[in-house]
Amino acid sequence: MPNLSVSLGKLKLANPLLVASGTFGYAGEYQDLVSLKKIGAIVTKTITLKAQKGNPPPRLCETYSGMLNAIGLENPGLQAFIDKKLSSLRKIGVPIIVSIAADTPAQFARIARRLSSIKSVAALELNISCPNLGKRGLIAQDPQATYRVVQAVKKATSLPVITKLSPNVTDISAIASAAQRAGSDILSLVNTFFGMAVDLPTRKPILGNTTGGLSGPAIKPQALWMLRQVFRATKLPIIGMGGIMNTRDALEFIVCGATAVAVGTANFVNPRVSVEIIAGIKDYLNKNKIKNIKQLVGSLKA
Ligand SMILES: Cc1cc2nc3c(=O)[nH]c(=O)nc-3n(C[C@H](O)[C@H](O)[C@H](O)COP(=O)(O)O)c2cc1C
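For clarity, every value in this text was computed on a predicted model and none was experimentally measured.

Cut-off values and rules
- Within any chain, residue numbers begin from 1 and follow the written order of that chain's sequence.
- In keeping with the model being predicted, local features are shown solely for residues with a pLDDT of at least 70 and side-chain atom pairs are shown and tallied solely at 80 or more, while totals for entire chains, interfaces and linings include all residues.
- In computing side-chain properties, one takes all heavy atoms of the structure into account and sets aside hydrogens as well as water.
- Buriedness of a pocket was judged along seven lines, with at least five required to meet protein on both sides within 12 Å; pockets are open sets of points on a 1 Å grid over the protein atoms alone, cavities are sets where a 1.4 Å probe fits but cannot get out, and lining residues have an atom within 4 Å of a point.
- Grid points are joined across faces, edges and corners, and a volume is the space filled by probe spheres set on the points.
- Here a strand is any run of E in DSSP of at least two residues, a helix any run of H or I of at least four, and the numbering for each starts at the N terminus.
- Gly counts as polar in this scheme, as do all residues outside two lists: the nonpolar Ala, Val, Leu, Ile, Met, Phe, Trp, Tyr, Cys and Pro, and the charged Asp, Glu, Lys and Arg.

### Considering the layout of surface pockets
Consideration 1: The computed volume of the largest pocket comes to approximately 600 Å³.
Consideration 2: Surrounding the largest pocket, 39 residues form its lining, Ser21, Gly22, Thr23, Asn69 and Thr192 being those nearest its centre.
Consideration 3: Among the secondary structure elements, those contributing two or more residues to the lining of the largest pocket are strand S6 (66-69) and helix H7 (266-269).
Consideration 4: Split into classes, the residues belonging to the lining of the largest pocket amount to 18 nonpolar, 18 polar and three charged.

### Quick word on empty space enclosed by the protein
Where empty space is left becomes clear once a probe the size of a water molecule has been rolled over the atoms.
Consideration 1: Per the stated rule, a full pass over the model turns up one cavity of 30 Å³ or more.
Consideration 2: There is about 40 Å³ of room inside the largest cavity.
Consideration 3: Every residue along the wall of the largest cavity is listed here: Leu18, Val19, Ala20, Ser21, Val43, Glu125, Lys164, Ile239, Met241 and Ala262.
Consideration 4: When grouped by side-chain class, the residues that make up the lining of the largest cavity number seven nonpolar, one polar and two charged.

### Thoughts on unusual backbone geometry
Consideration 1: Of the consecutive residues proline 57 and proline 58, the connecting peptide bond is found in the cis state with omega at -10°.
Consideration 2: Position of proline 58 relative to the elements: it lies in the loop between strand S4 (41-43) and strand S5 (60-63).
Consideration 3: In this structure, the amide linkage connecting leucine 189 to the following residue, valine 190, adopts the cis form with an omega of 10°.
Consideration 4: Structurally, the position occupied by valine 190 is in the loop between strand S10 (186-189) and strand S11 (193-195).
Consideration 5: For alanine 27, which is not a glycine, the phi torsion comes out positive at approximately 75°.
Consideration 6: The backbone phi angle of serine 65 is positive, close to 55°, even though this residue is not glycine.
Consideration 7: As for its placement among the helices and strands, serine 65 is situated in the loop between S5 and S6.

Without other data, these values stay purely geometric and don't point to any function.
Quick look at the structure:
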């Protein structure tokens, strides 16, 4: 049997397949459809300090080879998440990564401190890259702002910290390096690309928020390219994502430098895709006589 376990710094996973934030709810929604305990780690939908209603509908729109979403971080807020969602997540028995977002470094630190006191939280993912909140700039578009958020969270927690990067930048490696300098343990990339869609008969935007985030196969080549740049620019373990639909896509991300990968939009097409990809990776390693998944990480011949 090939070894599929991976270490992202202190965060140890039985296999390299995660479900991406916001595409798997709080996992309970999927429990009758897929064997959750087979997934390497579950990343929760992003939570904020206070409950948020999110954006007006429509919030989703299919595009050529992808989808646009403008959910706007709808969530029940930190305390309700802890009270109502965390206990069922804990029972699954796989590492639970809580995705968090806030407006300021101090607020990020406050959420991180609160979650650090809870045993079942395995790591925190800092969503500094949500594209559909109607704000002027993203934290992840500014190296200094990124540095300040990561530094504040690192001071507030001993949990592994994952910084989730935005593809909506000119030089993603500059942001990745800032996160590394501030002490981020792991990087994840990419979040969605800014996008929009038009309803021609009415000449109105399709999304209630006008702007949304593009995900799915349409973004895969760009995500791979950005992953490669970050892999070369930093020493941190990377969770790669962006358009992974099947085993082959997942392996391409690993070869380009991802230690682990996350599946997002594909969950909407096939809720079982994550466990199918885990089986597919195992098959690939067996067929190619590769004993350990780690041998593939960053093995691109370029
Ligand atoms: C409907 C939807 C909701 C999302 N919500 C979040 C979220 O709450 N937090 C976050 O960090 N990313 C969120 N994302 C981004 C995904 O986690 C992922 O980074 C992105 O979709 C790229 O991967 P994919 O092409 O496999 O979907 C969301 C994506 C989709 C499609």
